[in-house]
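Spelled out from the first residue to the last, the chains are:
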Amino acid sequence: MQKAMTILGIESSCDDTAASVVHLSLETKTKDWKISSRISSAKILSSEIFSQNSLHENYGGVVPEIAARAHAENLDICVSLSLKNAELNASEIDLISVTSGPGLIGGLISGTMFAKGLSKSLGKPIIGVNHLAGHALSPRLSEFSLGNPALEFPYLVLLASGGHCQFLEVMSPSKFRRLGGTIDDSPGEAFDKLAKLLGLGYPGGPLIENCAKKGKINRFNLPKPLFKALTCNMSFSGLKAAAAREIEKNFQYSSEEKKAVFINDMSADFQKTISDIFAEKSKIAMTSFREKYYKNLTGLKFCVCGGVAANQSIRQCLENTSKKLGFEFFAPPIELCTDNGAMIASAGAEIFLERGCIERELEIRSRWPLDTESAPLIGSGKRGAKS
Ligand code: KG4
Ligand code: ZN
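As the structure is a computational prediction, the values presented were derived from the model and not from experiment. (Residues numbered from 1 in each chain as written. Chains lettered and ligands numbered in written order. Predicted model: local features only at pLDDT ≥ 70, side-chain atom pairs only at ≥ 80, totals over all residues. Heavy atoms only, no water.)

Draft legend 1. Here's a closer look at the overall build of the protein. Scanning the protein for helices and strands turns up eleven helices and ten strands. The C-alpha atoms of the protein give a radius of gyration of 21 Å, which matches the 21 Å a tight globule of 387 residues would have. By principal-axis analysis of the C-alpha atoms, the protein measures approximately 70 × 55 × 40 Å. For the protein, the share of sequence-separated contacts (at least 6 apart) that also reach a separation of at least 24 residues comes to 72%. Looking at the protein as shown, the accessible area adds up to about 16900 Å², and 52% of this sits on carbon and sulfur atoms. One finds the centroid of the 45 positive side-chain charges in the protein at a distance of 5 Å from the centroid of its 41 negative side-chain charges. (Helix = DSSP H or I, 4+ residues; strand = E, 2+ residues; numbered from the N terminus. Rg over C-alpha atoms; globule rule 2.2 N^0.38 Å. Contact = heavy atoms within 4.5 Å. Areas by Shrake-Rupley, 256 points an atom, 1.4 Å probe, with all protein chains shown as cover. Lys, Arg positive; Asp, Glu negative; His and termini not counted. Charge placed at Lys NZ, Arg CZ, Asp CG, Glu CD.)

Draft legend 2. Region of the structure containing the sheet that holds strand β9 (residues 301–305). Here we have five strands laid out as an open sheet, ordered β8-β7-β6-β9-β10, and mixed in their pairing. The sheet is open, and its two edges are formed by β8 (175–181) and β10 (328–330), each paired on a single side. Ignoring which end each strand starts from, the neighbouring axes of this sheet average 25° apart. Relative to strand β7 (residues 165–172), strand β6 (residues 155–160) runs antiparallel, the two sharing six bridges. Looking at β7, one finds that L156 is bridged to E169. The sheet contacts of helix α4 (residues 131–145) involve β6, β7, β8, β9 and β10, and relative to β6 the element is tilted by about 125°. (Pairing = 2+ DSSP bridges. Axes fitted to C-alpha atoms, helices over the stretch in contact; angles between N-to-C directions.)

Draft legend 3. Broad picture of the site of ligand 1. Looking at ligand 1, there are 21 residues lining it, with G162, D192, G205, E209 and D339 nearest. A distance of 3.2 Å is found between an oxygen atom of ligand 1 and a backbone nitrogen or oxygen belonging to G188. N311 has a polar side-chain atom sitting 3.1 Å from a nitrogen atom of ligand 1. When the free accessible area of ligand 1 is taken as 550 Å², the share hidden by the protein chains comes to 91%. Top element by residues in the shell around ligand 1 is helix α6 (residues 204–214). It accounts for four residues. The residue makeup of the shell around ligand 1, split by class, is six nonpolar, twelve polar and three charged. (Near = heavy atom within 4 Å. Polar contact = N/O pair within 3.5 Å; in protein donor to acceptor, adjacent residues only side chain to side chain. Nonpolar A, V, L, I, M, F, W, Y, C, P; charged D, E, K, R; others polar.)

Draft legend 4. Layout of the pairing of β8. Where burial is concerned, most of β8 is hidden: five out of the seven residues are buried. The sheet contact formed by β7 and β8 spans six bridges and is antiparallel. Counterpart to Q166 in the pairing with β8 is G181. Between the end of β7 and the start of β8, which pair antiparallel, lie two residues. (Buried < 20%, exposed > 50% of the residue type's maximum accessible area, 1.4 Å probe, protein only.)

Draft legend 5. Representation of the packing of aromatic side chains. Considering all chains together, one arrives at seven aromatic pairs under this definition. Among the aromatic side chains, those forming a connected cluster through ring pairs are F289, Y293 and F327. Here K224 stacks its cationic end above the ring of F227, 4.9 Å away from the centre of that ring. (Phe/Tyr/Trp six-rings, centres within 6.5 Å; stacked < 30°, edge-to-face > 60°. Lys NZ or Arg CZ within 6 Å of the ring centre and 35° of its normal.)

Draft legend 6. Spotlight on the nonpolar core. L158, F236, F270, F278 and F302 are the most contacted members of the largest nonpolar core, which totals 47 residues. Where this core is concerned, the elements lending two or more residues are β6, β7, α5 (187–197), α6, α7 (237–251), α8 (256–293), β9 and α9 (312–324). With ten residues, the single largest contributor to this core is α8. When sequence neighbours within four positions are dropped, the list of residues in contact with F302 reads L156, L158, F167, S282, M286, L318, S322, F327, E328, F329 and F330. By size, the runner-up hydrophobic cluster in this structure holds 37 residues, among which are I39, L159, F330 and A345. (Core = buried A, V, L, I, M, F, W, Y, C linked by side-chain atoms within 4.5 Å.)

Put into structure tokens, the structure is as follows:
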């Protein structure tokens with residue numbers, strides 16, 4: 001039996017206000033389509049993003065208070081535009097899916113409160129989604145929307161974004177196991193910091209990627225902490241500090257031409273160092289994944305997702321690593337790597353179809369590890385485990 005489901009996804013956990021309408025085609029064996037349905041294909045009917053880049057640019061990073069205000073101002077406009085471009089009325093939506101954590105608390109409050117109000121007024125179900133689940137499931141949305149066969153569970157993911165970096169086994173829409181991750185900064189944060197130090201602007205990743213294309217590698221000897229350790233854990237704060245020292249040394253008395261060459265070379269080396277760390281740690285994660293699930297089988301899948309996965313050079317490097325280790329490689333299109341509402345819409349639907357809504361997941365959480373069983377990588381503190 002064929003069924004369909006239309007979902008409104010709302011995302012406001014960091015510096016982008018995003019809303020999207022996603023239409024899913026389902027195959028179901030029972031009359032109640034909410035039970036035992038399988039997604040057969042997806043269509044992203046609209047995906048609107050109100051970027052806050054210009055508001056944060058001068059600060060070289062996201063200012064939480066400014067972000068929260070901008071979300072509150074833009075949410076209704078963004079959602080209305082998303083419905084308009086999908087050519088749908090709000091009443092035609094079957095499910096509202098909203099990011100309820102982890103992230104900046106002000107933005108999460110704005111988005112979740114807005115979504116709850118909409119759900120009450122329309123009488124439609126609402127589900128709170130972990131932003132990281134949105135990223136980790138985004139390769140599935142990408143495959144569904146390309147009309148490809150489903151990217152089946154379990155698969156291995158490197159989730160690399162502005163706030164997080166971890167290797168995850170994705171067992172189901174709501175079951176994840178973390179194999180390792182960063183013990184300090186995220187790679188996105190490192191890119192942003194480097195761009196700030198080089199005076200390039202915000203967000204740093206795409207700007208550094210652009211400069212790296214014009215630069216030469218192997219000019220600087222940047223550190224790779226934990227590179228030789230036989231775990232999937234990574235560290236990026238030393239890399240940031242080493243780059244800062246080089247900039248201090250080289251920048252002050254340089255001519256404009258020399259500075260431009262320095263910026264390009266530093267960008268190239270920095271990007272290459274992050275790629276090398278990812279490749280090395282991916283090998284360890286892949287070996288462990290193979291041992292666990294596919295000892296004698298084919299069908300191994302490795303995905304990269306999150307904002308840093310938008311980087312072409314990193315994607316290429318990880319594709320090569322995947323090939324070498326016998327993994328099929330997946331990376332969503334760039335617009336599904338950086339924050340967007342479509343990944344929240346489809347992740348919400350996948351979780352809803354798997355086990356329905358859980359009221360508690362609408363509680364706003366600045367910290368919300370995907371894997372709640374493994375010991376936290378970084379200290380827990382008063383607000384709970386960070387990752
Ligand atoms: O996933 P995302 O949009 O937001 C978070 O959940 O954090 O990731 C944003 C991060 C930023 O740090 C940005 O600099 C980085 O992703 N990024 C990139 C690229 N595009 C975005 N990093 C490297 N290369 C890129 N092309
Ligand atoms: Zn994100």
